[in-house]
Amino acid sequence: MKLSNQYHQLGKSFSQQTLPSPVAQPVLLLWNEPLAKSLSINYSSQEDNEQLAQYFSGNQLIDGSTPIAQAYSGHQFGHFNPQLGDGRAHLLGDITDKQGQSWDVQLKGSGTSFFSRQGDGRCALGPALREYMMSEAMFALGVPTTRCLAVVATGEAVYRERPLPGAVVTRIATSHIRVGTFQYFAARKDIESLKKLTSFAIGRHFPQLKVAEGEALSGEQVVNFFAAVLNKQVPLVVSWLRVGFIHGVMNTDNTAISGETIDYGPCAMMNHYHSDTVFSSIDRNSRYAFGNQSKIIQWNMARLADCLLPLIDEDEDIALAKITPLLQQFANDLQYRYFEMMVNKLGINELSDGDIDLVNDLLGIMAEMKLDYTQSFVTLAGNLNQAEVDNVLAQQSAEDGVDDEAEQDKWQQWLSRWYVRIATDVSGAKDLMAKTNPLVIPRNHHVEAILATSQTSYQENADLSDLNNFLAVVQQPYTQLDNTHNYQDAPSDGDENYHTFCGT
Ligand code: AMP
Ligand code: MG
């Protein structure tokens, strides 16, 4: 395993070069073997666990790594903070896979940096395990996401409200460039660094947009870059909405330009459908509620646009005229892809007239009846069969002309409309639903129960069997395994008193 650090080469204004702080007693708890293999990291947790614990605690540097803390700013709940940065993370460097894609390797919880402010630079074990579980589940659900390569216990206590076991989590991402990274330089009116950052981001994420060696970055390239970033955010947010994911802290420093889910601090999964669902204890105004996420990504992308304007044209009006239609198109794309995804959840391939009402009416019923989002689609697919559809539709045509709509309940009415829509290809609809609707998601109450036992058993004997059993199921969310049913239930109290927190 050999790293380089391309980001470090951008220069001093981009990061602080700083070493991880060693930990007392590193023990490898989780090692993501498939992810390691995809990066050609050929270590096994069985044979090399001590070496891996040294590397992924930060106690020993991997060959070629140059640890840095990256600088960034960010709008937090709408308020701009010009100075955030990695306060407890070290970007060790990058590794390039066989397809030529470079991946950042970053330690989190590995000690303080210039950007730590009052923080201790550390991470508690619970949130590290939670990030591992959630991001693996999301990856398997087909959601673009950063992933965890390892979790190493430090053998040291981390002090939050009480002492907790500490950990270092290793995050893999195509980059850690955030909207807030652009904001950092824009706030400082550092145009040269903004250009360097944009060229770097193009090289890393959109090599097809690169210009010839030695040529300066053009305004047109920056416009194309922005369009490409927008294109990455559409599948991100649409897939969150597909599986019921609530990010919880969509600040601009937690929005990666790669379109990968990043920062699993206060995230949660929705149970019964309601667009206002929020679990984060600090999101008092519900800014980041489930149903606001499309709006917020547009707001965040507008903040990225603000930063790019001076690179597009010296005349701000001209630059704005180039950017504004892209943001409008983005809004349209998000809406179109959202409804397309929602009709896919109903087994319909292509969006056509009346489908938007069909979707919205279903969601209205689900909200009113407090129906579980995941289970509802699984049940609809499970009960779907040609005979039933034919039967309902035959009854309906026999009753044609009789105005009995008022007598049918809303649900039956909706079901008949849906059956009419998919009647020509019921088995095709069933197949599409099976691919679009997960049988199981990483439900909050299961994740929390597993974390509680994992932390206790870690202190006693490092037994993570509950966690590993859970992972084995959520890593195949579209397949009914023997254990799947253990994790499909909605919480009996609807997670009414469930609150998530930022401080990992
Ligand atoms: P987050 O809430 O994880 O998005 O973090 C927001 C900012 O606070 C980032 O600059 C983090 O690096 C910093 N931060 C969070 N926790 C700590 C900590 N324990 N020590 C130092 N900095 C932290
Ligand atoms: Mg963050």
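Residues numbered from 1 in each chain as written. Chains lettered and ligands numbered in written order. Predicted model: local features only at pLDDT ≥ 70, side-chain atom pairs only at ≥ 80, totals over all residues. Heavy atoms only, no water.

Draft legend 1. Representation of the overall build of the protein chain within the structure. When helices and strands are counted, the protein chain shows 15 helices and 12 strands. A compact globule built from 504 residues should have a C-alpha radius of gyration of about 23 Å, and the protein chain, at 24 Å, falls within 12% of that. Taken along its principal axes, the extent of the C-alpha atoms in the protein chain is 75 × 65 × 45 Å. Burial status across the protein chain gives 54% buried among its 504 residues. Sequence separation of at least 24 residues holds for 73% of the intrachain contacts in the protein chain that already meet a minimum separation of 6. Put simply, the protein chain shows about 21800 Å² of open surface, and 47% of that area lies on carbon and sulfur atoms. For the protein chain, the separation between the mean place of its 36 positive charges and that of its 59 negative charges on side chains is 8 Å. (Helix = DSSP H or I, 4+ residues; strand = E, 2+ residues; numbered from the N terminus. Rg over C-alpha atoms; globule rule 2.2 N^0.38 Å. Buried < 20%, exposed > 50% of the residue type's maximum accessible area, 1.4 Å probe, protein only. Contact = heavy atoms within 4.5 Å. Areas by Shrake-Rupley, 256 points an atom, 1.4 Å probe, with all protein chains shown as cover. Lys, Arg positive; Asp, Glu negative; His and termini not counted. Charge placed at Lys NZ, Arg CZ, Asp CG, Glu CD.)

Draft legend 2. A look at the environment of Gln118. You can see Gln118 is positioned in the loop between strand E7 (102-108) and strand E8 (123-124). Accessibility expressed as a relative area gives 81% for Gln118, which makes it exposed. Placed 374 residues apart in sequence, Gln118 and Ser492 show a C-alpha to C-alpha distance of 39 Å.

Draft legend 3. Representation of the nonpolar core. The biggest cluster of nonpolar side chains holds 123 residues, and the ones touching the most others in it are Phe182, Leu346 and Trp418. A total of 14 residues in this core trace back to one element, the largest contributor, which is helix H6 (residues 219-243). Every residue in contact with Leu346, bar those within four places of it in the chain, is listed here: Leu358, Val359, Leu362, Phe377, Leu380, Trp414, Trp418, Ile422 and Met433. (Core = buried A, V, L, I, M, F, W, Y, C linked by side-chain atoms within 4.5 Å.)

Draft legend 4. Representation of the coordination of the magnesium ion (ligand 2) within the structure. Coordination of the magnesium ion (ligand 2) by the protein is provided by Asn254 (OD1) and Asp263 (OD), with metal-donor distances spanning 2.2 to 2.4 Å. No difference in accessibility class separates Asn254 from Asp263, as the two residues are buried. (Donors = N, O, S within 2.8 Å, 3.2 Å for Na, K, Ca; no water.)

Draft legend 5. Region of the structure containing the pattern of salt bridges. Inspection of every chain in the model, using the stated rule, returns 15 salt bridges. Of the charged contacts, one joins Asp306 and Arg303 as a salt bridge, the two residues approaching to 2.8 Å between their closest N and O atoms. Linking Asp306 with Arg303, this pair stays in helix H7 (residues 293-312), spanning three residues, or about one helical turn. Taken together, the shared-partner salt bridges in this structure form one network comprising Asp94, Asp104 and Arg204. (Salt bridge = Lys/Arg side-chain N within 4 Å of Asp/Glu carboxyl O.)

Draft legend 6. Quick look at the side chain of Asn271. Here Asn271 is to be found in the loop between strand E12 (268-269) and H7. You can call Asn271 buried: its relative accessible area is 4%. Side-chain polar atoms of Asn271 contact the side chain of Arg443, separated by 3.2 Å. Here the side chain of Asn271 touches Asp495 through a polar contact of 2.7 Å, side chain to side chain. Once residues within four sequence positions are removed from consideration, Asn271 is found in contact with Phe279, Leu371, Asp372, Tyr373, Arg443, Asn444, Pro491, Gly494 and Asp495. (Polar contact = N/O pair within 3.5 Å; in protein donor to acceptor, adjacent residues only side chain to side chain.)

Draft legend 7. Local environment of the site of ligand 1. Around ligand 1 sit 17 residues, and of these Gly85, Gly87, Asp120, Gly121 and Asp263 come closest. Here an oxygen atom of ligand 1 and a backbone polar atom of Gly87 are 2.7 Å apart. Separating a nitrogen atom of ligand 1 from a backbone N or O atom of Arg122 is a distance of 3.4 Å. Burial of ligand 1 by the protein chains amounts to 83% of its free accessible area of 490 Å². The residue inventory of the shell around ligand 1, partitioned by class, reads three nonpolar, six polar and eight charged. Lining the shell around ligand 1 are residues from two domains, each supplying at least three of them: domain 1 (8-176) and domain 2 (214-345). (Near = heavy atom within 4 Å. Nonpolar A, V, L, I, M, F, W, Y, C, P; charged D, E, K, R; others polar. Domains from an automatic or database assignment.)

Draft legend 8. Representation of a negative patch on the surface. On the surface, Glu314, Asp315, Glu316 and Asp317 cluster together into a negatively charged patch. Among the structural elements, Glu314 can be located in the loop between H7 and helix H8 (316-345). Judged by relative accessible area, Glu314 falls into the exposed class, the value being 83%. (Patch = residues over 30% accessible without salt bridge, like charges linked within 9 Å, V, L, I, M, F, W, Y side chains within 5 Å.)

Draft legend 9. Examining the packing of aromatic side chains more closely. A full pass over the atoms with the stated rule returns 23 aromatic pairs. A centroid spacing of 5.4 Å and a plane angle of 85° characterise the contact between Tyr7 and Phe200, whose relative ring orientation is edge-to-face. Placement of Tyr7 in the segment before strand E1 (15-17) and of Phe200 in helix H5 (residues 191-205) is noted, with a sequence separation of 193 residues between them. Accessibility assignment for this pair places Tyr7 and Phe200 in one class, buried. A ring pair is formed by Phe114 and Phe115, whose centres lie 5.2 Å apart and whose planes are at 80°; its orientation type is edge-to-face. Overall, the relative accessible area of 58% leaves Phe114 in the exposed class. What links up through ring pairs into an aromatic cluster is the set Tyr7, Phe14, Tyr184, Phe185 and Phe200. Positioned over the ring face of Phe139 is Arg147, at 3.5 Å from the centre of the ring. Above the face of the Trp299 ring, Arg303 is positioned so that its terminal group lies 4.6 Å from the ring centre. (Phe/Tyr/Trp six-rings, centres within 6.5 Å; stacked < 30°, edge-to-face > 60°. Lys NZ or Arg CZ within 6 Å of the ring centre and 35° of its normal.)

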